[in-house]
Amino acid sequence: MQTSLQKYYDYLRIERQLSRYTLAAYQRQLTAVVDILQRNDIPTWQLVSPSVVRFIVAESRKSGLHEKSLALRLSALRQFFAYLVVQGELKVNPATGISAPKQGKHLPKNIDEEQVSKLLNNHSKEPIDIRDRAMLELMYSSGLRLSELQGLNLNSVNMRARELRVLGKGNKERILPFGHHAAHAIQDWLKVRLLFNPKDDALFVSSLGNRLTHRSIQKRMEIWGIKQGLNAHLNPHKLRHSFATHMLEASKDLRAVQELLGHSNLATTQIYTHLNFQHLAEVYDQAHPRAKRNK
């Protein structure tokens, strides 16, 4: 089982060129599947039938896995089996046709513009605060994913053009603009960055000079939100969603927001960003030929 898995991971890394974060997510899910199979005396992939796949889903749910994680596990398993079929190790994909439990639709929460202003209204001269403010300004200004922010290097930033070169999901590169507030915050950070004795070209580094980890960034944002008296828990995803919501409310341009967010599918943007009903009603009244009312 492990030999087939290792070949699959090599395929994902070399031929599919998945990022190490996506690859790690696949490995976590498939390792958990192997654990379930071995505990139940199923030693080979050839012995996995559709009923066994359903059993895996049931056991995963018993262990406390929520709907979204169950769907991810089933998807990882289905794709792995598809690979084994292509390699000739299986005749059919036993996970085909098996659906994950339905997920409840939860709209991401965002921070309103007044709260964002409150969040970023901190002009501390402490180097670590200067760094954190630059991270927040840049994430909100460009709608970055956590992994995109964490992966930025010095040469990712073009200060003259106010452009940012980021590597998104699937190793897809895109160029993003950033505003003057973010530009000033980055300039302030670059003036003190050398105080941290950077060990490489990472844009944002820790007090030890290493590239900040995902967890470190999350923790710093959480602390910053508390310090600024934000009435909601702050995390990178919430800041990215706030960017998307505010951009969509101001521009009404779903396609442009899709490009900025780096979504390959417009449906993802439609779920990710939501307009309030008042705005939708205004658009309807202005656009529909039979919506105009006589005053």
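Please read these numbers as outputs of a predicted model, since none were measured by experiment. (Residues numbered from 1 in each chain as written. Predicted model: local features only at pLDDT ≥ 70, side-chain atom pairs only at ≥ 80, totals over all residues. Heavy atoms only, no water.)

**Re the overall build of the chain**
For step 1, the next point in the chain: When you go through the chain residue by residue, the secondary structure sums to 13 helices and three strands.
For step 2, the next point in the chain: Here the chain, with 295 residues, has 41% of them falling under the buried criterion.
For step 3, the next point in the chain: Of the contacts made within the chain by residues no fewer than 6 positions apart, 58% connect residues no fewer than 24 positions apart.
For step 4, the next point in the chain: A total of about 17,300 Å² of accessible surface is found on the chain, and carbon and sulfur atoms cover 51% of it. (Helix = DSSP H or I, 4+ residues; strand = E, 2+ residues; numbered from the N terminus. Buried < 20%, exposed > 50% of the residue type's maximum accessible area, 1.4 Å probe, protein only. Contact = heavy atoms within 4.5 Å. Areas by Shrake-Rupley, 256 points an atom, 1.4 Å probe, with all protein chains shown as cover.)

**What about the sheet that holds strand β2 (residues 163–167)?**
For step 1, the next point in the chain: In space, the three strands of this open sheet follow the order β1-β2-β3, with antiparallel pairing throughout. In the strand order of this sheet, the two ends are held by β1 (157–158) and β3 (173–177), each with one partner.
For step 2, the next point in the chain: As paired strands, β2 and β3 are joined by five bridges and run antiparallel to one another. Bridge pairing links Leu164 to Leu176 in β3. (Pairing = 2+ DSSP bridges.)

**Notes on the UniProt feature "active site" (unreviewed entry) in the chain**
For step 1, the next point in the chain: The sites that UniProt annotates as "active site" (unreviewed entry) are Arg145, Lys169, His237, Arg240, His263 and Tyr272.
For step 2, the next point in the chain: Apart from residues no more than four positions distant in its own chain, Arg145 is found in contact with Met139, Gly168, Lys169, Arg174, Arg240, Leu261, Gly262 and His263.
For step 3, the next point in the chain: There is a polar contact of 2.6 Å between the side chain of Arg145 and the side chain of Glu148. (UniProt positions renumbered as here; feature names shortened; annotations may be inferred. Polar contact = N/O pair within 3.5 Å; in protein donor to acceptor, adjacent residues only side chain to side chain.)

**Some details on the environment of Gly143**
For step 1, the next point in the chain: Inspection of the secondary structure assignment puts Gly143 in the loop between α6 (127–142) and α7 (146–150).
For step 2, the next point in the chain: With relative accessibility at 0%, the residue Gly143 sits in the buried group.
For step 3, the next point in the chain: Measuring from C-alpha to C-alpha, the distance between Gly143 and Gly262 comes to 9.4 Å, with 119 residues separating the pair along the chain.
For step 4, the next point in the chain: Once residues within four sequence positions are removed from consideration, Gly143 is found in contact with Leu138, Arg174, Arg240, Phe243 and Leu261.

**A word on the layout of surface pockets**
For step 1, the next point in the chain: Here the second largest pocket is characterised by a volume of approximately 330 Å³.
For step 2, the next point in the chain: In this structure, the second largest pocket is lined by 17 residues; those nearest its centre are Leu120, Glu137, His180, His181 and Ala182.
For step 3, the next point in the chain: Counting residues per element, the ones that place at least two in the lining of the second largest pocket are α5 (113–120), α6 and α8 (180–192).
For step 4, the next point in the chain: Of the residues assigned to the lining of the second largest pocket, the class counts are five nonpolar, eight polar and four charged. (1 Å grid on protein atoms, 1.4 Å probe; cavity = no way out; pocket = protein on both sides within 12 Å on 5 of 7 lines; lining within 4 Å. Points joined across faces, edges and corners; volume = space filled by probe spheres on them. Nonpolar A, V, L, I, M, F, W, Y, C, P; charged D, E, K, R; others polar.)

**A word on empty space enclosed by the protein**
For step 1, the next point in the chain: Overall, the coordinates contain one cavity of 30 Å³ or more when judged by the stated rule.
For step 2, the next point in the chain: The computed volume of the largest cavity comes to approximately 50 Å³.
For step 3, the next point in the chain: Secondary-structure elements contributing two or more residues to the lining of the largest cavity are α3 (50–62) and α4 (67–86).
For step 4, the next point in the chain: Classifying every residue of the lining of the largest cavity gives six nonpolar, one polar and one charged.

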